[in-house]
Amino acid sequence: MHLVYKHQPGKQHLELSVLLFSISLLTFSTAVFASHTRLIPSEALSNEPIQPLYSHEPLDPKKIKLGRSLFFNPRLSRDNSISCASCHHLKKGGTDNQRFSTGVGRVTGKINAPTVYNTHLNLAQFWDGRAHNLTEQVSGPVENPLEMASSWPEIIQKLSLDNNFIRQYQSIYNGELKARNLINSIAEFEKSLTTLNAPFDRYLASDNKAISQQAKKGYAIFKSYGCSACHQGANIGGNMYQKMGIMADYFSERGTAITETDLGRYNVTKDEYDKYTFKVPSLRLAVLTAPYFHDGSVKTLESAINKMAHYQLGREISSAEVQLVIAFLKTLVGKHKELTLPATE
Ligand code: HEC
Ligand code: HEC
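An account of the accompanying structure is given in this report. Just so you know, these numbers come straight off a predicted model, no measurement behind them.

### Describing the coordination of the iron atom of ligand 2
And step 1. Coordination of the iron atom of ligand 2 by the protein is provided by His 231 (NE2) and Met 308 (SD), with metal-donor distances spanning 2.1 to 2.2 Å.
And step 2. In this structure, the iron atom of ligand 2 is coordinated by six donor atoms arranged in octahedral fashion, with angles at the metal of 86 to 180 degrees. Of this pair, His 231 sits in the loop between α9 (213–225) and β1 (241–243) while Met 308 sits in helix α12 (residues 301–313), and the two are 77 residues apart along the sequence.
And step 3. His 231 sits in the buried class, given a relative accessible area of 10%.
And step 4. Using a relative accessible area of 22% as the deciding quantity, one classes Met 308 as partly exposed.

Here it is, written out as structure tokens:
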């Protein structure tokens, strides 16, 4: 029996072993069934490149509630037509499943929308990492002319007419509405979007039956091909920048002209070395967030995996192996009360 909860008893005394065993049974069931606890990998699996997701703590429930109401509030956009949730559908995986999103005035964006789930674990925000954290990130879409095309003074003017909102706001922050506090509450809500207790995380925490044999084979392939050199850690991505097209030229073979957004992290650093590099995306919800890649050019997960093997690893992967990797990726989807899980086949 492995202990899987973080409050692991220290040195064990023989006399206490019976007691400890029953405690471990108890903590095991807490870790597996309570959605807010942190799963700790069993000893055997603690050196894996992938680790269980953990929630951001502590968080303020009142701020989360206010931030959630702002996330769904179209008054954050210039013409009151779209909210954050218009492009980040929380029920469906935190994206809009479009190649490029549609902003205010039906203008089309230039880059694929990533999920808003689990982003507090990423080393920075956006594909090119131009926002250091979620607080910096929030102003991006609000002021982006291709997205919400608004400004904080404009938003504050609109929200000032809403007495309910002001009452809710003043139960947390003092005084009049301030951009910094609105941003703080949205960031707090974003930090609460962690998809916990995925079958794969339960497997890591020694529940050997939590995933199928197919998924276990898929995970072995994922590691042996070298996918986990880049997609790793608790978010299975999000912790490094990597070039798109290490072993072959993705952009010339794509067949469409190179755009400014294709330059990736170079746009932030102006360092030649950073051309075509992107924050490695998280694969936690990849089964829900088609289409794929920063350019949204790839419609299916099968094709994304084929291209990854080819461009990042210089290998061709068989379709049987791709299916096993997909069986593995399906086990990475955890639970969150905003997310509707797809029916299992
Ligand atoms: C018009 C569609 C649209 C709207 C509205 C929108 N987003 Fe986004 N969001 C995107 C796109 C596209 C990106 C990727 C931009 C980039 O990387 O350059 C993105 C990126 C993000 C990221 C970064 C995720 C990561 O892994 O890097 C977060 C977090 C996020 N949005 C949250 C929000 C919040 C909060 C709001 C509301 C204030 C919002 N978005 C409004 C389309 C949208
Ligand atoms: C050298 C680093 C590296 C390796 C190795 C790698 N990837 Fe990636 N992966 C990336 C980067 C960078 C992106 C984003 C590329 C882009 O958007 O242009 C990405 C994107 C993806 C996506 C699309 C995610 C999304 O939300 O758009 C999937 C799926 C994926 N990788 C799976 C895999 C699999 C499976 C393997 C192994 C066969 C693998 N990757 C190997 C770096 C890597």
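From this point, the discussion proceeds with the structure in view.
### Re the site of ligand 2
And step 1. Around ligand 2, the surrounding shell holds 19 residues, and the nearest of these are Cys 227, Cys 230, His 231, His 294 and Met 308.
And step 2. At a separation of 2.9 Å, a nitrogen atom of ligand 2 approaches a polar side-chain atom of His 231.
And step 3. His 294 is positioned such that a nitrogen or oxygen atom in its backbone is 2.6 Å from an oxygen atom of ligand 2.
And step 4. Tallying contributions element by element places α12 first for the shell around ligand 2, with five residues.
And step 5. A breakdown of the residues in the shell around ligand 2 according to their chemical character gives 14 nonpolar, five polar and no charged.

### Quick look at the site of ligand 1
And step 1. Looking at ligand 1, there are 30 residues lining it, with Cys 84, Cys 87, His 88, Phe 126 and Lys 279 nearest.
And step 2. For ligand 1, an oxygen atom lies 2.9 Å from a polar atom in the backbone of Trp 127.
And step 3. In this structure, an oxygen atom belonging to ligand 1 sits 2.9 Å away from a side-chain N or O atom of Arg 130.
And step 4. Listed by contribution, the elements that provide at least two residues to the shell around ligand 1 are α3 (84–87), α4 (134–143) and α7 (179–191).
And step 5. Looking at which element gives the most residues to the shell around ligand 1, the answer is α4, with four residues.
And step 6. In terms of residue class, the shell around ligand 1 is made up of 15 nonpolar, 11 polar and four charged.

### Regarding the coordination of the iron atom of ligand 1
And step 1. If you check the protein contacts of the iron atom of ligand 1, you find one donor only, His 88 (NE2), at 2.1 Å.
And step 2. Tracing the backbone shows His 88 in the loop between α3 and α4.

Parameters and conventions
- Residues numbered from 1 in each chain as written.
- Chains lettered and ligands numbered in written order.
- Predicted model: local features only at pLDDT ≥ 70, side-chain atom pairs only at ≥ 80, totals over all residues.
- Heavy atoms only, no water.
- Donors = N, O, S within 2.8 Å, 3.2 Å for Na, K, Ca; no water.
- Tetrahedral: all angles 85-135°; square planar, octahedral: opposite > 155°, others 65-115°.
- Helix = DSSP H or I, 4+ residues; strand = E, 2+ residues; numbered from the N terminus.
- Buried < 20%, exposed > 50% of the residue type's maximum accessible area, 1.4 Å probe, protein only.
- Near = heavy atom within 4 Å.
- Polar contact = N/O pair within 3.5 Å; in protein donor to acceptor, adjacent residues only side chain to side chain.
- Nonpolar A, V, L, I, M, F, W, Y, C, P; charged D, E, K, R; others polar.

Just distances and angles here, no functional claims.
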